[in-house]
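Each chain, letter by letter, is given below.
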Amino acid sequence: MVKKIIQKKLIQKKSFKKKLVQKKSISKSLISKEVYVPSDDSFLLEREIRKRNLVGKVCLDLGTGSGVQGIAMLKSGASFVVCADINKNALVESKKNVLKYLKETKNFDVVVRFVETDLFSNLKGVKFDFIVFNPPYVPSEKIKWVDLDGGKEGSETINKFITQFVGHLSSSSEILLLISSLNNPKKLINIFEKKGFFVDVVSKEKLFFEELFVLSIKK
Ligand SMILES: C[S@@+](CC[C@H](N)C(=O)[O-])C[C@H]1O[C@@H](n2cnc3c(N)ncnc32)[C@H](O)[C@@H]1O
């Protein structure tokens, strides 16, 4: 199953690159503009969000992609959600899916904002009760595919997140962070604990070539 997903992703990447070669006028930077299709990692995280009561919470779906986690937050009762991504195309997709969900459920009593941002750079001064991040975590030489590539140990974006999130927490925040066995989980958990946070592994799933973990991080 997972092997198939990886193969599919590689095929998608290859065919996309092929299209780029055919359409020479398209800038190479478009390579990283695909929107992440929800996969096993997304669904594991989504299930964990759905266990929570988010009524009255200010929520952040960081790296929103298709908006799958933002929608899970709304399903769990959130009435204020920020869907944020570095990729403009992801925000278009997220907005489309969130608005479709709100229309279908006739839920017009909520506020959802869509913010283009590199992690917290455009969220200055905003504090959240609940932050969810399914980061790009695949180990890679360089960060070329912004939805997948996590650089060294797959942790480059996660490490940047760790240096920025603290200033965006309310007094009773919870963070759900998706990581993989490819990311040296012990090292990452240790970093959070050294910063004075309590970390629980609240969900895990063994896949063909990795194990996924959802960390719940609280003060
Ligand atoms: C693995 S995908 C997850 C998408 C979606 N949340 C899900 O669970 O299916 C990672 C997402 O993070 C976004 N992303 C990567 N680096 C980012 C950054 N520095 N700041 C904000 N978003 C980022 C990507 O564009 C992508 O949409």
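Quick note: structure is the one above.
Residues numbered from 1 in each chain as written. Predicted model: local features only at pLDDT ≥ 70, side-chain atom pairs only at ≥ 80, totals over all residues.

(A) Region of interest: the nonpolar core. Within the largest apolar cluster, 41 residues are counted, with the highest numbers of intra-cluster contacts made by Cys59, Met73, Val81, Ile131, Val132, Leu177 and Ile179. Look past the residues within four positions of isoleucine 179 in its chain and what remains in contact with it is Tyr137, Ile158, Pro185, Leu188, Phe213 and Leu215. (Core = buried A, V, L, I, M, F, W, Y, C linked by C-beta atoms within 7 Å. Buried ≥ 20, exposed ≤ 12 C-beta atoms within 10 Å, placed from the backbone. Contact = placed C-beta atoms within 7 Å.)

(B) Representation of the packing of helix 3 (residues 68-75) against helix 4 (residues 88-104) in the model. One way to put it is that helix 3 packs onto helix 4 with a least axis distance of 9 Å and a crossing angle of 25°. With respect to their mutual orientation, helix 3 and helix 4 come out roughly parallel. The way helix 3 lies across helix 4 gives a crossing that is right-handed. Packed against helix 3, whose contacting residues are Gly70, Ile71 and Leu74, the element helix 4 presents Ser94, Asn97, Val98 and Tyr101 at the interface. When the residues that make up the contact of helix 3 with helix 4 are grouped by side-chain class, the tally is 4 nonpolar, 3 polar and no charged. (Axes fitted to C-alpha atoms, helices over the stretch in contact; angles between N-to-C directions. Helix = DSSP H or I, 4+ residues; strand = E, 2+ residues; numbered from the N terminus. Parallel < 35°, antiparallel > 145°, perpendicular 65-115°, else oblique. Left-handed = near helix turned anticlockwise from the far one by under 90°. Nonpolar A, V, L, I, M, F, W, Y, C, P; charged D, E, K, R; others polar.)

(C) Structural detail: the sheet that holds strand 1 (residues 58-62). Taken in spatial order, the 7 strands line up as 3-2-1-4-5-7-6 in an open sheet, and their pairing is mixed. Every interior strand has two partners, whereas the edge strands, strand 3 (111-116) and strand 6 (198-206), have only one. Adjacent strand axes in the sheet meet at a mean angle of 15° when their direction is disregarded. Relative to strand 4 (residues 128-133), strand 1 runs parallel, the two sharing 4 bridges. Bridge assignment links cysteine 59 to a residue of strand 4, and that residue is phenylalanine 130. (Pairing = 2+ DSSP bridges.)

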